[in-house]
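# Overview (structure and organization)
What follows is each chain in one-letter form.
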Amino acid sequence: MARITLDHLAHAYKPDPRRAEDYALKEINHVWNQGGAYALLGPSGCGKTTLLNIISGLVRPTRGRVRFDDLDVTDLPTEARNIAQVFQFPVVYDTMTVRENLAFPLKNRHVPRDRTARRVEEIAHLLDLTRVLDRKASNLTADMKQKISLGRGLVRPDVAAILFDEPLTVIDPHLKWQLRSTLKEIHRALDITMIYVTHDQTEALTFADKVVVMHDGAVVQTGTPDELFERPAHTFVGHFIGSPGMNILPCRVEGASAFIGSERVALKRPYRPLVAERVELGIRPEFVQLQPKGVGLPVHVRRIDDIGRARIARVEMNGHPLAASVPDGISIEGDEASLVLDPRHVHIYANGHLVTDESAGGHAA
Ligand code: ADP
Ligand code: MG
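Residues numbered from 1 in each chain as written. Chains lettered and ligands numbered in written order. Predicted model: local features only at pLDDT ≥ 70, side-chain atom pairs only at ≥ 80, totals over all residues. Heavy atoms only, no water.

The name an unreviewed UniProt entry gives the protein is Glycerol transport system ATP-binding protein, with Microvirga flocculans as the organism. Listed in UniProt under the heading Sequence similarities (unreviewed entry), the comment for the protein reads: "Belongs to the ABC transporter superfamily." The Subcellular location (unreviewed entry) field of the UniProt record for the protein holds the comment "Cell inner membrane". (UniProt positions renumbered as here; feature names shortened; annotations may be inferred.)

Dropping the structure here:
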């Protein structure tokens, strides 16, 4: 078991990388604490698999070091790293039985036969594979095969970490939920560092204690699901997480006011003058309320969707589309209405990055 440190890590698949675009991973500095349940979340192509393969040793990074506790493993092969990895598509030996497949990683490491047998039974039970233990893997469904792959990843109790690379892609939707809960239970029981890669925010937020959000080869934020919701460090996190995502609007900031065109929005504190190409205001739809015309910022209502737990209005303000919550009891006549923004949840972004108290000063000097 180990704490995993990524130190100035960067990777380019092409030889002789020069520009930022040449890198699949830009510089990454990150520490995965021993025993954490992490999700690595980001859209397809942002570098998740590359990062995982560098941790497991399948890919050697162009620059930077990987450490397990104080041991530098950057130059060690996969076998010497004590990592279990579960891939997107099942990796099973078709000619072996399920039992033999599950036992394989232990047999390979010369674990005594009775201990192996006990452990295999245990894992099979957790994954609901007991009744197929003596069947050949070749005749099983894709779901079953992926459960065997998961089992092979989980069977070694001595690993430094288990890496899951979108492991539920081939799994039937109703089984997904169940397997995710199983993984969570296993995490609690085993105290092993788990890194779960996904592009699905629901999967990430339900599995993980800490979510690491990647965008374009870089880690843009690490936080609890609440932190990512309340205080997105980057506009990408704001609109990638949440449904609908955060509203992001170009604006101009003067002291404790932001201006969207000529409309003024109150901020919770004054800001120093911002020197940035792009200044934007971010607020989640949950904190924007639709009200009758005349109460707040004037908007044009396009439609109102009932999404079960709430009503969401799609509106337009100065030509910018926005999503807002429709409070119970509010009814809007015609398509003219107004918005009320909760200043405590209005964030300001400069070139995509959250302007914090530290970066911009709490009060204008
Ligand atoms: P993700 O897992 O988040 O979808 P990947 O790590 O697979 O992202 O890919 C990151 C980037 O690196 C993408 O632009 C992808 O095309 C590129 N890439 C991935 N694997 C290779 C490879 N073996 N050779 C060249 N480019 C690759
Ligand atoms: Mg991938």
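Next up on the list: the overall build of the protein. The number of helices and strands found in the protein is nine helices and 21 strands. With respect to the three principal axes, the spread of C-alpha positions in the protein is 75 × 45 × 35 Å. Across the 365 residues of the protein, 51% fall into the buried class. Taking as baseline every contact in the protein between residues at least 6 positions apart, the subset at least 24 positions apart corresponds to 68%. (Helix = DSSP H or I, 4+ residues; strand = E, 2+ residues; numbered from the N terminus. Buried < 20%, exposed > 50% of the residue type's maximum accessible area, 1.4 Å probe, protein only. Contact = heavy atoms within 4.5 Å.)

Around ligand 1, the neighbouring residues are Y13, A24, P43, S44, G45, C46, G47, K48, T49 and T50. In this structure, a nitrogen atom belonging to ligand 1 sits 3.4 Å away from a side-chain N or O atom of Y13. The backbone of G47 places a nitrogen or oxygen atom 3.1 Å from an oxygen atom of ligand 1. Burial of ligand 1 by the surrounding chains reaches 53%, relative to a free accessible area of 560 Å². Of the residues belonging to the shell around ligand 1, the class tally is four nonpolar, five polar and one charged. (Near = heavy atom within 4 Å. Polar contact = N/O pair within 3.5 Å; in protein donor to acceptor, adjacent residues only side chain to side chain. Areas by Shrake-Rupley, 256 points an atom, 1.4 Å probe, with all protein chains shown as cover. Nonpolar A, V, L, I, M, F, W, Y, C, P; charged D, E, K, R; others polar.)

Strand pairing in a sheet is mediated by backbone hydrogen bonds. Such pairs are either parallel or antiparallel. Strand order across the open sheet formed by four strands is 2-1-4-5, with antiparallel pairing between neighbours. Lying at the two open borders of the sheet, with one neighbouring strand each, are strand 2 (25-32) and strand 5 (71-72). Of the pairings in the sheet, the one linking strand 1 (residues 4-11) to strand 4 (residues 63-68) comprises five bridges and is antiparallel in character. What sits directly across from A10, in strand 4, is R63. The strands touched by helix 1 (residues 48-56) are strand 1, strand 2 and strand 4; relative to strand 1, the strand with the most contacts, the crossing angle is about 125°. (Pairing = 2+ DSSP bridges. Axes fitted to C-alpha atoms, helices over the stretch in contact; angles between N-to-C directions.)

Moving on, we come to helix 4 (residues 142-154). Counted at 1.5 Å a residue, the expected span for helix 4 with its 13 residues is 18 Å, and the 18 Å between its end C-alpha atoms agrees. Among the 13 residues in helix 4, 12 count as buried, and that is most of the element. Looking at helix 4, one finds that the buried residues are D143, M144, K145, Q146, K147, I148, S149, L150, G151, R152, G153 and L154. Looking at the buried side of helix 4, the elements it contacts are strand 6 (83-86), helix 2 (98-108), helix 3 (113-126), strand 7 (161-165), helix 5 (173-190) and strand 8 (193-198). (Expected span 1.5 Å × (residues − 1).)

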